[in-house]
Amino acid sequence: MTWFNRQSRLVQIILLLIPVVNWIVEIIVRWSTFLKKGGAVRLVICIVVTIFGVFVGWLDCIWVLLFKKLFLQ
């Protein structure tokens with residue numbers, strides 16, 4: 001998560017726009033956050049991202065544009 005946040009907004013958006021790359025980035029960021037902080041909500045989000053990662057990645061791309069952070073993060 002900290003690696004992703006240290007990137008410029010342009011790099012974050014590019015990573016979240018590319019379909020397979022956004023799924024991989026979502027999985028890495030979400031699961032690493034869950035392993036560090038835990039929580040039932042984060043676990044549910046991790047499972048949803050693992051299954052529907054491409055769609056959540058595009059939602060996160062829009063969210064990063066608007067609010068400068070990932071959705072539900």
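Residues numbered from 1 in each chain as written. Predicted model: local features only at pLDDT ≥ 70, side-chain atom pairs only at ≥ 80, totals over all residues. Heavy atoms only, no water.

Q: What's the story with the packing of helix α2 (residues 9-17) against helix α3 (residues 19-37) in this structure? I'm lost.
A: Any two packed helices are characterised by how steeply their axes cross, that is the angle between the axes, and by the distance between the axes. At their nearest, the axes of α2 and α3 sit 5 Å apart, and the two run at 110° to each other. One finds that α2 runs roughly perpendicular with respect to α3. Contacts from L15, L16 and L17 in α2 reach P19, V21, N22, V25 and E26 in α3. When the residues that make up the contact of α2 with α3 are grouped by side-chain class, the tally is six nonpolar, one polar and one charged. (Axes fitted to C-alpha atoms, helices over the stretch in contact; angles between N-to-C directions. Helix = DSSP H or I, 4+ residues; strand = E, 2+ residues; numbered from the N terminus. Parallel < 35°, antiparallel > 145°, perpendicular 65-115°, else oblique. Contact = heavy atoms within 4.5 Å. Nonpolar A, V, L, I, M, F, W, Y, C, P; charged D, E, K, R; others polar.)

Q: Would you explain the state of the cysteines in this entry?
A: According to the stated counting rule, one finds zero disulfides in the structure shown. As a non-bridged cysteine, C46 has C61 as the owner of its nearest cysteine sulfur, 20 Å distant. Of the residues examined, C46 reaches a relative accessible area of 1% and is grouped as buried. (Disulfide = S-S within 2.5 Å. Buried < 20%, exposed > 50% of the residue type's maximum accessible area, 1.4 Å probe, protein only.)

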